[in-house]
Amino acid sequence: ATGRTEADALDPLVYGRIHALFRLGRYFGIGLHAGFPFAHPKNVHEGADVIIWETLVGIEARVFIPLNNLDLWGAFAPGYQRRGSETRNGSTMRFGVHGVGFAMGLGATYFVSRHVGLGLDLWFYQPYMIEYCIDEEGAENCADVESQDNIGLTWSVGFTVTFAI
């Protein structure tokens, strides 16, 4: 399940996320974080096809509490974040906003073997957007974001599969 705090009219987001972490001993890890959710809003005009998406690419730092085959963990991942939407209703309009994003996560992974773990995680994404652009049929107009009031927090809860090398 995923969602956005200010967007009650969204279907649940489908969220794909990849972490490539190098574990520094038992308690710390560092690596790359990339996430990409997308959804279709519920309240659109008849005949319109709308998709909303987001991405965050950054560096992730993770702290582990190892308990036998179970790892409890907390993570922080600052990086580049972008949100956008595309609407098709006879013509195409694209909207995008981008800036710096901060992801914070908590999770638990149970290792069923030495190299495979199954788990649950909870992530929060908070962006600080710098610029937005609107593209209507190839005519792009961009401007600075003047207020963060309508940006909102994105969250996700999910199942994970971990492959340890």
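Shown above is the structure to which this text applies.
Residues numbered from 1 in each chain as written. Predicted model: local features only at pLDDT ≥ 70, side-chain atom pairs only at ≥ 80, totals over all residues. Heavy atoms only, no water.

### Re the overall build of the protein chain
Looking only at helices and strands, the protein chain features 0 helices and 9 strands. Ordered by position from N to C terminus, the α and β elements of the protein chain give β-β-β-β-β-β-β-β-β. Relative to all contacts within the protein chain whose residues are 6 or more apart in sequence, the contacts with residues 24 or more apart total 59%. Total accessible area on the protein chain is roughly 10000 Å²; 63% of this is exposed by carbon and sulfur atoms. (Helix = DSSP H or I, 4+ residues; strand = E, 2+ residues; numbered from the N terminus. Contact = heavy atoms within 4.5 Å. Areas by Shrake-Rupley, 256 points an atom, 1.4 Å probe, with all protein chains shown as cover.)

### Some points on the nonpolar core
Soluble globular proteins tend to bury their nonpolar side chains together. Residues Y15, L56, F64, W73, A75, A77, A103, W123 and Y125 constitute the largest nonpolar core, which totals 9 residues. Contributions of two or more residues to this core are made by strand 4 (49-67), strand 5 (70-88) and strand 7 (116-136). Looking at this core, the element that brings in the most residues is strand 5, giving 3 residues. (Core = buried A, V, L, I, M, F, W, Y, C linked by side-chain atoms within 4.5 Å. Buried < 20%, exposed > 50% of the residue type's maximum accessible area, 1.4 Å probe, protein only.)

### Re the state of the cysteines
Note on terminology: a disulfide is the covalent bond linking the sulfur atoms of two cysteines. Applying the stated criterion to the full structure yields 1 disulfide. One disulfide bridge connects C133 with C142, the sulfur atoms lying 2.0 Å from each other. On the S-S bond that ties C133 to C142, the torsion sits near 110°, and the link is right-handed. Judged by its relative accessible area of 12%, C133 falls in the buried class. C142 gets classed as partly exposed once you look at its relative accessible area, which sits at 40%. (Disulfide = S-S within 2.5 Å.)

### A closer look at the pattern of salt bridges
On inspection of all chains with the given rule, the structure shows 5 salt bridges. One salt bridge connects R17 with D121, and the closest N-O pair in it is separated by 3.7 Å. You can see R17 sitting in strand 2 (residues 14-24) and its partner D121 sitting in strand 7, a full 104 residues away along the chain. (Salt bridge = Lys/Arg side-chain N within 4 Å of Asp/Glu carboxyl O.)

### Section: the environment of R114
Examined against the element boundaries, R114 turns out to sit in the loop between strand 6 (92-111) and strand 7. Residue R114 is classed as exposed on the basis of its relative accessible area, which comes to 72%.

Nothing here speaks to function; it is geometry throughout.
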